[in-house]
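Summary of the model geometry
Okay, here's what each chain looks like letter by letter:
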Amino acid sequence: MIFLAEFNPILPDVGIVFWTFLVFLLVWTVLGRYAFRPIQSALKKREESIQDALDQADQAKADMADLQSKNEQLLKQAQEERTKILREAKDLKDNMIKEAKGQAKLEAQKIVSDAKQEIENMKKSALSEVKNELGSMAVEIAEKVVRQKLAGDKAQEDLVSNLVKEIKFN
């Protein structure tokens, strides 16, 4: 205990200061060589990797913004194409309807014309048939009238001679 009684931390002995300084330098050199340099290089590597990650994140952010603008542009183009296709389809539909109406009108006119022609033909045929029928009826009536009037042979001979004379004059 005597040794500790003379120790004063405020006024250290020159030997203690020298040995403390020497141990400090030795520890500082060993730590500097084997601890501080690897720690410093690890910190530098970490700083570089963080900076690389930040640069990559900025690049990814820029790429995403570029992709988003491209996607919006493609979406606009797709909407324009859809509108154009719908407009063309509507125009095509309208043209098809107009064409179909035109064809239907032509068909209707043709059917009406054919029906009128058919009616006219049937009318002519019916008139011809009626005339023929009337002609044959007139001939039958005339034959019956002539037979009654020409009951005798003398009357028949006179009629035939008159008809022959009329034929010669015409």
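This text follows the structure it describes.
Residues numbered from 1 in each chain as written. Predicted model: local features only at pLDDT ≥ 70, side-chain atom pairs only at ≥ 80, totals over all residues. Heavy atoms only, no water.

Looking at the overall build of the chain
Along the chain, the regular secondary structure elements total 3 helices and 0 strands. Ordering the α and β elements of the chain from the N terminus gives α-α-α. Taking all 170 residues of the chain together, 1% fall into the buried category. When the accessible surface of the chain is totalled, it reaches about 16500 Å², and 62% of it is carbon and sulfur. (Helix = DSSP H or I, 4+ residues; strand = E, 2+ residues; numbered from the N terminus. Buried < 20%, exposed > 50% of the residue type's maximum accessible area, 1.4 Å probe, protein only. Areas by Shrake-Rupley, 256 points an atom, 1.4 Å probe, with all protein chains shown as cover.)

A word on the packing of aromatic side chains
Under the counting rule described, the total for this entry stands at 3 aromatic pairs. By way of ring pairs, the aromatic residues Phe-24, Trp-28 and Phe-36 are connected into one cluster. (Phe/Tyr/Trp six-rings, centres within 6.5 Å; stacked < 30°, edge-to-face > 60°.)

With respect to a nonpolar patch on the surface
Residues Phe-21, Val-23, Phe-24, Leu-25, Val-27, Trp-28, Leu-31, Phe-36, Ile-39 and Leu-43 make up a contiguous nonpolar surface patch of about 950 Å² in total accessible area. With respect to the helices and strands, Val-23 occurs in helix 2 (residues 14-149). Taking the relative accessible area as the measure of exposure, Val-23 reaches 46% and is therefore partly exposed. (Patch = residues over 30% accessible without salt bridge, like charges linked within 9 Å, V, L, I, M, F, W, Y side chains within 5 Å. Salt bridge = Lys/Arg side-chain N within 4 Å of Asp/Glu carboxyl O.)

Considering the pattern of salt bridges
A complete count under the given rule lists 1 salt bridge for this structure. Across the pair Asp-66 and Lys-70 runs a salt bridge, and its minimum N-O distance is 3.6 Å. Of this pair, Asp-66 and Lys-70 both sit in helix 2, 4 residues apart, which is roughly one turn of the helix. Using a relative accessible area of 37% as the deciding quantity, one classes Asp-66 as partly exposed.

Here we look at a negative patch on the surface
Taken together, the side chains of Glu-47, Glu-48, Asp-52, Asp-55 and Asp-58 define an acidic patch exposed on the protein surface. Position of Glu-48 among the secondary structure elements: in helix 2. (Lys, Arg positive; Asp, Glu negative; His and termini not counted. Charge placed at Lys NZ, Arg CZ, Asp CG, Glu CD.)

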